[in-house]
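Overview (structure and organization)
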Amino acid sequence: MAVPFAFFALFFAYPVVAIVGRGLKTGGVWQFGRFGEVLARPDILDVLWFTGWQALASTALTLLIALPGAYVFARLDFPGKQLLRAVVTVPFVLPTVVVGTAFLALLGRGGLLDEMWGVRLDTTVWAILLAHVFFNYAVVVRTVGGLWSQLDPRQEEAARVLGAGRFAAWRRVTLPALAPAVAAAALMVFLFTFTSFGVVQILGGPAFSTLEVEIYRQTAQFLDLPTAAVLTLVQFAAVGAILAVHARTVRRRETALKLVDPAQTARRPRGAGQWTLFGGVLLTVVVLLLLPLGVLVERSLAVPGGGHGFDFYRALGSVDAAGGVFLVAPIEAIWNSLRYALVATVIALAVGGLAAAALTRRAGRLVRGFDALLMLPLGVSAVTVGFGFLITLDKPPLDLRTSWVLVPLAQALVGVPFVVRTMLPVLRAVDGRLREAAAVLGASPLRAWREVDLPLVRRAVLVAAGFAFAVSLGEFGATVFIARPDNPTLPVAVARLLGRPGELNYGQAMALSTVLMLVCAVSLLLLERIRTDRSGEF
């Protein structure tokens, strides 16, 4: 526990406490009266109201659209199912900047809808809601569909034999069993949309602002640290409550159900109803998930004056073509991001692996508190973390403001929770008697781990590495502060290009977003291959 605890204390708790303290302290005295002052402002009340209701609306809309997809993936068997599952999951691992850019190409000025019907939805709440559904569709399909596929269908069939109709049997038998999974998915979607930053920043414009966006504005644009500190603590408290409810919901789901092998529940579509539902889900995937990505690729290939080509991609290699946005050619952002993400993945695996091992070997309040500590980066504004890095890690022996390692350190903070949640269930499934047998035969703890645990959890390590890499590659909230102009990351480069006028800057943003999308998609397809390859399963 020592290494993960020290990592989080130094690179998470210290910067966050420092930035909050700088905002709320005057002459060394905490000014808690600022909470009342800030929260009484009409503009802040508008931000709080919008943050809450758009998260609720996004969650409800996501459940409405994604639950039929969860049923199709859980109960129906069809050719290409694994590939389609990977395609559905691609939006979730995409950086929010890419999601915002894709919907800007579809719904914004000069976008597909604007060209065809003169309809623009950017700077409207509908663009934000649709982008949130796009981003979180896989959360519902994976969470609810994963449980649904393991529910014994004979229980619902027995209810129908006893006279219940199809809907009544589903409502009285299946829905109560699915309720914990639906609640868990809803809470996760609410969490992601409540803390939304990149999507709202790109699609919302100045008219809409979530807590995360407002923290960024108050910090970067107005230098109003007291207001940013108050909003950071408000968001932290709200997200902490969401995570606590989510943890309780997950425990209910894990202990209340008797599950069966998913291979026994999936069947080919039968009847007009199932075929209609299957077709509707395919249409939803094409229109809601694939169309924005397709438009993004098309816009990256559009040539000024008409036609298609690779002009915008070629322009990525020129410093002059960037119009002074960067000190280096935009294409350098690709190599920077890959390098940063690889280093961040190594850090996240080391810290997260040790943390997961500690959580597996011990129990008690101290370990439960340690588990909660690992999830804190999901509850604190990434903007606050990034700005905290700048004001705290600026003195020896930790003067890292000019060091490139600052970026992967911030990215690893987001990757560690994914590593822990991926590895922990597998480590807990390893029979402890195998370690004891190795110890009896003379193996040291390190050798026992290397020869007993590691072969059994190798696939989980690879999956965790893939998730950490994808998350690190798309991290934006913290790196927008600490990425240097001569070493920009892909998400930061896309945001800066979109923030400047001109067709060339717009086209280069589309090209960089396409590259980032392809890298994330390839990572996910490799993950899906590892997940479904049973050749090394234990």
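Residues numbered from 1 in each chain as written. Predicted model: local features only at pLDDT ≥ 70, side-chain atom pairs only at ≥ 80, totals over all residues. Heavy atoms only, no water.

1. Comments concerning the overall build of the protein chain
Stated precisely, the cut-off is as follows: Secondary structure elements follow DSSP: runs of H or I no shorter than four residues count as helices, runs of E no shorter than two count as strands, and numbering proceeds from the N terminus. Here the radius of gyration uses the C-alpha set of atoms, whereas the globule reference equals 2.2 Å times the residue count to the power 0.38. Only protein chains enter the accessibility calculation, which uses a 1.4 Å probe. A residue is then buried if its area is under 20% of the maximum for its type, exposed if over 50%, and partly exposed in between. In this description, contact between two residues means that some pair of their heavy atoms is separated by no more than 4.5 Å. Reported accessibility uses the Shrake-Rupley method at a 1.4 Å probe radius. Residues are deemed covered only where the shown protein chains occlude them. In this tally, Asp and Glu contribute negative charge and Lys and Arg positive charge; neither His nor the terminal groups of the chain are included. Charged side chains are reduced to one point each, which is NZ for Lys, CZ for Arg, CG for Asp and CD for Glu.
Helices and strands together make up the secondary structure of the protein chain, namely 23 helices and 4 strands. In terms of overall dimensions, the protein chain is globule-like: its C-alpha atoms have a radius of gyration of 24 Å, near the 24 Å expected for 538 residues. Projecting the C-alpha coordinates of the protein chain onto the three principal axes gives extents of approximately 70 × 65 × 50 Å. Scored against the burial criterion, the 538 residues of the protein chain give a buried share of 52%. Contacts spanning at least 24 positions in sequence make up 78% of the contacts within the protein chain whose residues lie at least 6 apart. Summing over all exposed atoms, the protein chain offers an accessible surface of approximately 24,200 Å²; the carbon and sulfur share of this is 65%. The centroid of the 47 positive side-chain charges in the protein chain is displaced by 9 Å from the centroid of its 32 negative side-chain charges.

2. What to know about the nonpolar core
Note the cut-off: Here, nonpolar core means buried Ala, Val, Leu, Ile, Met, Phe, Trp, Tyr and Cys residues that are tied together by side-chain atoms lying within 4.5 Å of each other.
Ranked by size, the top nonpolar core spans 161 residues in total, and within it Phe7, Phe8, Leu94 and Phe389 carry the most contacts. Per-element tally for this core: the top contributor is helix H7 (residues 125–148), with 16 residues. Beyond its immediate sequence surroundings of up to four residues, phenylalanine 389 is in contact with Phe11, Pro15, Leu406, Leu409, Ala410, Leu413 and Ile482.

3. Side note on the pattern of salt bridges
For clarity, the cut-off: Basic side-chain nitrogens of Lys or Arg form a salt bridge, by our definition, when they fall within 4 Å of a carboxyl oxygen of Asp or Glu.
What the rule picks out here adds up to 7 salt bridges. Here aspartate 43 makes a salt bridge to arginine 41, at a shortest N to O gap of 3.0 Å. The residue glutamate 451 makes a salt bridge to arginine 447 at a minimum N-O spacing of 2.9 Å. Taken together, the residues span about one helical turn, with glutamate 451 and arginine 447 both in helix H20 (residues 445–474) at a distance of 4 residues. Each member of the salt-bridge network shares a partner with another, and the members are Arg41, Asp43 and Asp224.

4. Quick word on the environment of arginine 171
With respect to the helices, strands and loops of the structure, arginine 171 is situated in helix H9 (residues 166–194). For the pair arginine 171 and threonine 59, spaced 112 residues apart in the sequence, the C-alpha separation amounts to 21 Å.

5. Comments concerning the environment of valine 88
The topology assignment puts valine 88 in helix H4 (residues 81–93). What makes valine 88 buried here is its relative accessible area of 2%. Spatially, the C-alpha atoms of valine 88 and valine 286 are 9.7 Å apart, while their sequence positions differ by 198 residues. Residue contacts for valine 88: discarding those within four places in its chain leaves Phe73, Tyr137, Ala138, Val141, Val285 and Leu289.

6. Things to note about H4
Using the following cut-off: One less than the number of residues in a helix, times 1.5 Å, gives the span that helix is expected to have.
For H4, built from 13 residues, the straight-helix expectation of 18 Å at 1.5 Å per residue is met to within 8% by its first-to-last C-alpha distance of 19 Å. Burial analysis of H4 places 10 of its 13 residues in the buried class, which makes it a mostly covered element.

7. Concerning the environment of aspartate 320
Structurally, the position occupied by aspartate 320 is in the loop between helix H14 (311–315) and helix H15 (332–361). For the pair aspartate 320 and proline 330, spaced 10 residues apart in the sequence, the C-alpha separation amounts to 9.9 Å.

8. Notes on the side chain of threonine 219
The line we're drawing: Any pair of N or O atoms that falls within 3.5 Å is considered a polar contact. Within protein, one atom must be able to donate a hydrogen and the other to accept it, and sequence-neighbouring residues count only if both atoms are side-chain atoms.
By secondary structure assignment, the location of threonine 219 is in helix H11 (residues 211–221). By relative accessible area, threonine 219 is classed as buried at 4%. A polar side-chain atom of threonine 219 sits 2.7 Å from the main-chain carbonyl oxygen of isoleucine 215. Sequence-distant contacts of threonine 219, defined by excluding residues within four places in its chain, comprise Leu225, Ala228, Phe387 and Phe481.

9. Thoughts on the side chain of arginine 34
Within the fold, arginine 34 resides in helix H2 (residues 33–39). At 2.4 Å, the side chain of arginine 34 forms a polar contact with the backbone oxygen of glycine 23. Residues within four places of arginine 34 in sequence aside, it is in contact with Gly23, Leu24, Lys25, Thr26, Pro226 and Val230.

10. Remarks on the packing of helix H3 (residues 42–75) against H7
This is how the line gets drawn: For every element, the axis is a line fit to its C-alpha atoms; helices are fit only across the contacting stretch, and the angle between N-to-C directions ranges from 0 to 180 degrees. By the definition adopted for this analysis, an angle is roughly parallel if under 35 degrees, roughly antiparallel if over 145, roughly perpendicular if from 65 to 115, and oblique otherwise. Handedness of each helix crossing follows the sense of rotation of the near helix against the far helix: counterclockwise by less than a right angle gives left-handed, clockwise gives right-handed. Residues are grouped as follows: Ala, Val, Leu, Ile, Met, Phe, Trp, Tyr, Cys and Pro are nonpolar; Asp, Glu, Lys and Arg are charged; every other residue, Gly included, is polar.
Closest axis-to-axis distance for the H3/H7 pair is 6 Å, and the angle between their directions is 45°. Considering their axes alone, H3 and H7 lie oblique with respect to each other. H7 is crossed by H3, and the crossing has right-handed handedness. Residues that form the contact of H3 with H7 fall into these classes: 21 nonpolar, 7 polar and 1 charged.

11. Re a nonpolar patch on the surface
Note the cut-off: What goes into a patch is any residue over 30% in relative accessible area without a salt bridge, connected to like charges within 9 Å or, for nonpolar side chains (Val, Leu, Ile, Met, Phe, Trp, Tyr), within 5 Å.
A surface patch of nonpolar side chains, amounting to about 410 Å² of accessible area, comprises Leu283, Val286, Val287, Leu290 and Leu291. Summarising the element assignment, leucine 283 is placed in helix H13 (residues 271–301).

12. A few points about the confidence of the model for the protein chain
Threshold: Each residue carries a pLDDT value, the predictor's own confidence for that position, ranging from 0 to 100.
Per-residue pLDDT for the protein chain has a mean of 82; in total, 91% of the residues score no lower than 70. Every residue in residues 534–538 scores below 50 in pLDDT, and together they form 4 contacts with partners more than four places removed in sequence or on other chains.

13. A closer look at H7
Put simply, the test is: Bend is computed residue by residue as the angle between axes fitted to the seven residues ending at the residue and the seven residues starting at it.
Taking 1.5 Å per residue as the helical rise, H7 with its 24 residues ought to reach 34 Å, and the 32 Å between its terminal C-alpha atoms agrees with that figure. In the structure, H7 departs most strongly from a straight axis at asparagine 136, where the bend amounts to approximately 45°. Of all 24 residues making up H7, 19 are buried, and the element is well covered by its neighbours.

14. Some thoughts on unusual backbone geometry
For leucine 223, which is not a glycine, the phi torsion comes out positive at approximately 50°. Within the secondary structure, leucine 223 is located in the loop between H11 and helix H12 (225–255).

15. Digging into the packing of aromatic side chains
The relative placement of two aromatic rings is captured by the distance of their centres and the angle of their planes. Test applied: Paired rings are identified among Phe, Tyr and Trp, the last through its six-membered ring, by centres lying within 6.5 Å, and are further divided according to the angle between planes into stacked (under 30 degrees), edge-to-face (over 60) and tilted (the rest).
Summed over the entire model, instances satisfying the criterion amount to 19 aromatic pairs. A centroid spacing of 5.8 Å and a plane angle of 70° characterise the contact between tyrosine 216 and phenylalanine 481, whose relative ring orientation is edge-to-face. Of the two residues, tyrosine 216 sits in helix H11 while phenylalanine 481 sits in helix H21 (residues 479–482), which places them 265 residues apart along the sequence. This pair shows no difference in class: tyrosine 216 is buried, exactly as phenylalanine 481 is. Clustering of aromatic rings is evident, with ring pairs tying together Phe197, Tyr216, Phe387, Phe476 and Phe481.

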